[in-house]
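# Structural overview
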Amino acid sequence: MSDGTPASEPTLYVIDGNWYIHRAFNALPHMSTRTGLPTNAIYGFALMLVKLMTEYRPTYCAVVFDSPRPSFRHELFDRYKVDRPPMQAELKEQIPFIHQLVEAFNLSRLVIDGVEADDIIATLARQAQSRGVPCTIVSGDKDLMQLVGDGTRLFDTFKEKIYNRAEVIEKWGVPPERMADLLALMGDSSDGIPGLSGCGEKTARSLLERFGDLEGLIARREEVSAKKVRASLFEPDAAEKLRLWKQLVSLRDQEPLAIDLDGLRWSGPDVGRLEPMLRELEMLKLVKSLTPSIHLDRESYRTITNDRDFAEVLAAIRAAGEMAFDLLTDRPDVMRAQVCGVAIAADGVPPCYVPTGHRLLGAPPQLPLSVVLGTLRPFLENPDIGKYVQNHKIEMILLGAGGIELRGVKCDPMIASYLLDPSRQVHGLEALAQERLGHTMMVYKDVCGTGAKQRGFDEIAVDLATRYAAEGADAILRLGRTLAAQVEADPDIDRLNRDIELPLARILAVMERHGVRLDTGHLARLGQETGQQIAALERQIHDLAGSPVNINSPKQLQELLFERLGLPVKKRLKTGPSTDADVLDELRDAHPVVGKILEYRELAKLKGTYIDNLPALVNPQTGRLHTCFNQTVAATGRLSSSDPNLQNIPVRSDLGRAIRRAFVADEGRVLVSADYSQIELRVLAHLSSDAVLIDAFERDQDVHRRTAAEVFNVPPDEVTHEQRSIAKTVNFGVIYGQSDFGLARQLGIERDVARQYIDSYFARYSGVREYMDRAIATARETRQSTTVLGRRRPIQDISSRNAQQRAYAERIARNTPIQGSAADLIKLAMIRMQRRIDENWPQVRMILTVHDELVFEVPADDAEFFARLARAEMEGVMELRVPLKVDVGIARNWTDAHP
């Protein structure tokens, strides 16, 4: 056993847990998870375990830790280890995870009350020696080097150094059996052992080389030539002290162990327990080293081009009772796309691709799409056949166009990944396969190209299309099963998946397929008017600047604002002083040109993003605008929209309202808008149980006026418009954890005045203050925030030493339960309303959801009745400590319908 290679004979590895914890913590730089949990000690420890268990695979193994209770050494010497500093808070926080890690590796964790780890290690080494089993002590602790020899070695994995007898002598100048003498002479400051005064390592080595051992030195101390050392040896009680020091450093190998060597047999790690733990700790590289990559064999995939082979696939699906599938289309735009093939994976047959519309010259004969989907229809609509589908909302839109309703979705990997970790930025198939399967998938752009050279999937060679498409179905099936198991193991996540997110995907598919009518004529007229306003603003800016300036050029704005006008620089970038919106907002009162520039930017942005762009997004086949609703983007659980992003259309500005006026109902129909009133403040009242806030909502009072009355200590009927406006800003600022600096900036007041407003608010709403403190404390303990329905969000840096990062994490901790619960509530409302529409109102369409508002397109004759129904259903969707309130409006266009 002279090298580090695994031995074929039985071996015992004894790991010095305490030494490795401290070594890893001090050797590795600060590391933390996205939730702020420090992990450098955990990572170093895990790295060592992975290395040992995968490279050496010991027969027997134990990880030994010190007991918290004093040992016999404390009784012998009252100064023993008393000067050791307390364990750092960041290290202490990691200890429980290291213990869990040991258990997940299926390793024996040994702690004996009142016995130090070194003595347990010595006892195990003696047991192994008596059985003829080679023992490797995994540590770099010099105290343990006295155990080396007779089949026992020391292995410092940090230094990749193995110590046999020769290596100990080379390092310390004495053999292992003399290490206790050496340590007694040298002393050990970390243990509080003084050693012989004036005797360092070099002197101690020379003394032992000459006198043999400690007793030889004591017996012949008059022969010591070094005056200081000799004087120390002749001090009163010097011999007794040296013998005590040796007794303290000597290891006892006769400790009674409740477990023998056979009880330490190692059968391998519990990967099912270890893998999710390492993922939670964000140690993905270690996961890959423990779990071998899954090989998805593209060469084994089949192309199905005839009825006989297709029937074989269908029989396999029927026998398995579940399947993964993916519809391939000629273009990414789902509302304009045509299906050109179906990829399927199921047990019993190789993953396959059924091409139905490839147009490439020389393409093989293909089954007609109508035949393929018609044959698949009983399977797709059967809820008892489980489906694994990535982003199945798209599949629902495509199938719905052909009258097929997808049922029985067991797992959508994208949604499952989002529920398990909403802070992840990407839940796409390629990223999930790379992380969870260790497999690098073919990428769409590598198959179809990009930019001007991009081809439709229907133009790809069928054999290449098969490798790409079947691989996708293969990965979906494997990921779906893995993620489904994780989701089902967590009751809260399972309930959210089953009762909210999966039903919601169907509703979003219906909404996207319906789309909304757009008055393009109105937008054309609005574009002309806005263009004239922009041109007028441009002229005003040039006049105020004294010369023409390119308002869209940051460089020219920098020159105008900070060089010619001499305005103060608020923020610097690599390219010079910043001219972003926040900076200009701060400078608004410094010069009239700044306000005009901000107004110009706002108009130009809205014109380009919406007024000019919306008509181009209208689908020529349906004549309607089909926005995409995203349910796996916002970490709070909120829905978002894209292509176009309807949430960014200003609600209060004149131009924003003018843009919304372009969203109209079909002839003979109207829009019914149902908007939750102050939903986040009501959720805050529910979570905080604040008596004043609850009373305001129970009385159906103007909560902003009530807050103004509380903050300014005036009767409600005497609250001024300005005071109510300030109170409204404070109310919503509290939800988002706004600081006095942020409030002062928003209101244009002094910071100390803003602080007075906030202090006055919390003095009157003490329950809200208690909730905020409680939310932060809970997040610090659990490293996550939780909504009313159990949706969880990891909290990054909640215990970070960086004050700015910690403050941001605390804002998330306060806000996410509020915003996330409001998100859950609006989703429940959507599910409830769609159920009523399906049951009794097939002529009604839910077409939009923006923030806390649902918009329906309703026959004009039914609008009043449906509006009352919507209010009643949405107000009863969840029981809070305060009543829910829904404002409803009816009109031909969105602006006029908005309450």
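Details of the structure are given in the entry above.
Numbers given to residues run from 1 along each chain, matching the order in which its sequence is written. A pLDDT threshold of at least 70 governs which residues receive local features in this predicted model, and a stricter bar of 80 or more applies before side-chain atom pairs are shown or counted, although totals over entire chains, interfaces and linings include all residues. Side-chain measures were taken over the full set of non-hydrogen atoms in the model, leaving aside hydrogen atoms and water.

This paragraph deals with the layout of surface pockets. Points on a 1 Å grid over protein atoms alone make up a cavity when a 1.4 Å probe fits among them but cannot get out, and a pocket when they form an open set with protein on both sides within 12 Å along at least five of seven lines; lining residues each have an atom within 4 Å of a point. Grid points are joined across faces, edges and corners, and a volume is the space filled by probe spheres set on the points. Approximately 1,400 Å³ is the volume attributed to the largest pocket. As for the largest pocket, its lining consists of 46 residues, and the residues nearest its centre are Asn18, His22, Asp66, Lys81 and Arg84. Helix and strand assignments come from DSSP, with helices taken as H or I runs of at least 4 residues and strands as E runs of at least 2, each series counted from the N terminus. Broken down by secondary-structure element, the contributors of at least two residues to the lining of the largest pocket are helix H1 (17–27), helix H3 (72–76), helix H5 (95–104), helix H6 (117–131), helix H7 (165–172) and helix H12 (238–249). For the lining of the largest pocket, the element with the highest residue contribution is H1, accounting for five residues. In the lining of the largest pocket, the residues fall into 20 nonpolar, nine polar and 17 charged. Note that Gly is not counted as nonpolar here; it falls among the polar residues with everything else outside the nonpolar set of Ala, Val, Leu, Ile, Met, Phe, Trp, Tyr, Cys and Pro and the charged set of Asp, Glu, Lys and Arg.

This part is about the sheet that holds strand E25 (residues 886–891). With antiparallel pairing, four strands are arranged side by side in an open sheet as E23-E24-E20-E25. Looking at the sheet topology across the chains shown, the edges are occupied by strand E23 (845–850) and E25. Sheet twist, expressed as the mean angle between neighbouring strand axes with direction ignored, is 20 degrees. Sheet analysis places strand E20 (residues 669–676) next to E25, joined by six bridges and oriented antiparallel. In the strand pairing of E25, serine 673 is matched with glycine 889. A pair of strands is considered paired only if DSSP assigns at least 2 bridges between the two. Axes, fitted as lines to C-alpha atoms, cover a helix only where it is in contact. Angles between the N-to-C directions of the axes lie from 0 to 180 degrees.

What follows covers empty space enclosed by the protein. Applying the stated criterion across every chain, the model contains one cavity of 30 Å³ or more. Put simply, the largest cavity is a space of about 50 Å³. What lines the largest cavity is Arg638, Leu639, Gln647, Ala823, Ile826, Thr849, Val850 and His851. Within the residue set of the lining of the largest cavity, elements represented by two or more residues are helix H35 (803–840) and E23. When grouped by side-chain class, the residues that make up the lining of the largest cavity number four nonpolar, three polar and one charged.

Moving on, we get to the environment of lysine 570. When you line up the elements, lysine 570 lands in the loop between helix H24 (554–564) and strand E14 (572–573). Residue classification places lysine 570 among the partly exposed residues on the basis of a relative accessible area of 42%. Remark: the alpha-carbon pair of lysine 570 and serine 821, spanning 251 residues in sequence, is separated by 37 Å. Beyond its immediate sequence surroundings of up to four residues, lysine 570 is in contact with Val583, Glu586 and Leu587. Residue exposure (1.4 Å probe, protein chains only): buried if accessible area is under 20% of the type maximum, exposed if over 50%, otherwise partly exposed. Any two residues whose heavy atoms approach within 4.5 Å at even a single point are treated as in contact.

In this section: the pattern of salt bridges. A side chain of one charge can pair with a side chain of the opposite charge if their charged atoms are brought near each other. The term salt bridge refers to a side-chain nitrogen of Lys or Arg lying within 4 Å of a carboxyl oxygen of Asp or Glu. Under the criterion given, the structure shown has 72 salt bridges. Notably, a salt bridge pairs arginine 205 with glutamate 201, separated by 3.6 Å at the nearest N-O pair. Here arginine 205 pairs with glutamate 201, and both are found in helix H9 (residues 201–211), just four residues apart, close to one helical turn. Given the relative accessible area of 27%, arginine 205 is considered partly exposed. Owing to a relative accessible area of 33%, glutamate 201 belongs among the partly exposed residues under this scheme. One salt bridge in this structure joins arginine 699 and aspartate 695, with 2.8 Å as the shortest N-O distance. Given the relative accessible area of 55%, arginine 699 is considered exposed. The exposure class of aspartate 695 is partly exposed, given its relative accessible area of 22%.

In this scheme Phe, Tyr and Trp rings, the latter by its six-membered ring, pair at centre separations within 6.5 Å, and the angle between planes marks the pair as stacked below 30 degrees, edge-to-face above 60, and tilted otherwise. Under the definition given, this model contains 18 aromatic pairs. Plain terms: the ring middles of tyrosine 353 and phenylalanine 457 are 6.2 Å apart, the flat faces sit at 85 degrees to each other, and that makes the pair edge-to-face. On the criterion of sequence distance, the pair formed by tyrosine 353 in strand E10 (residues 349–355) and phenylalanine 457 in the loop between helix H20 (444–448) and helix H21 (462–488) is long-range, its members being 104 residues apart. Aromatic pair tyrosine 761 and phenylalanine 762: ring centres 5.4 Å apart, planes at 85 degrees, arrangement edge-to-face. Residue tyrosine 761 shares its accessibility class with phenylalanine 762, and that shared class is buried. Counting every residue linked through ring pairs, the aromatic cluster contains Tyr353, Tyr444, Phe457 and Tyr468. We call a charge positioned above a ring when the Lys NZ or Arg CZ atom is no farther than 6 Å from the ring centre and deviates by at most 35 degrees from the ring normal. The lysine or arginine in question, arginine 769, covers the ring of phenylalanine 762, its NZ or CZ lying 4.0 Å from the ring centre.

Take helix H31 (residues 721–735) next. In a helix, the anticipated span is given by 1.5 Å times the number of residues less one. With 15 residues, H31 extends 22 Å between its outermost C-alpha atoms, agreeing within 8% with the 21 Å of an ideal straight helix rising 1.5 Å per residue. Among the residues of H31, Gln723, Ile726, Ala727, Thr729, Val730, Asn731, Gly733, Val734 and Ile735 are the ones counted as buried. Summarising the contacts, the buried residues of H31 are in contact with helix H28 (679–688), helix H30 (703–712), helix H32 (740–747), helix H33 (751–764), helix H34 (766–782) and H35. Note on H31: the residue one or two positions beyond its end, glycine 737, has a positive phi of about 65 degrees.

Treat this as a map of the structure, not an account of what it does.
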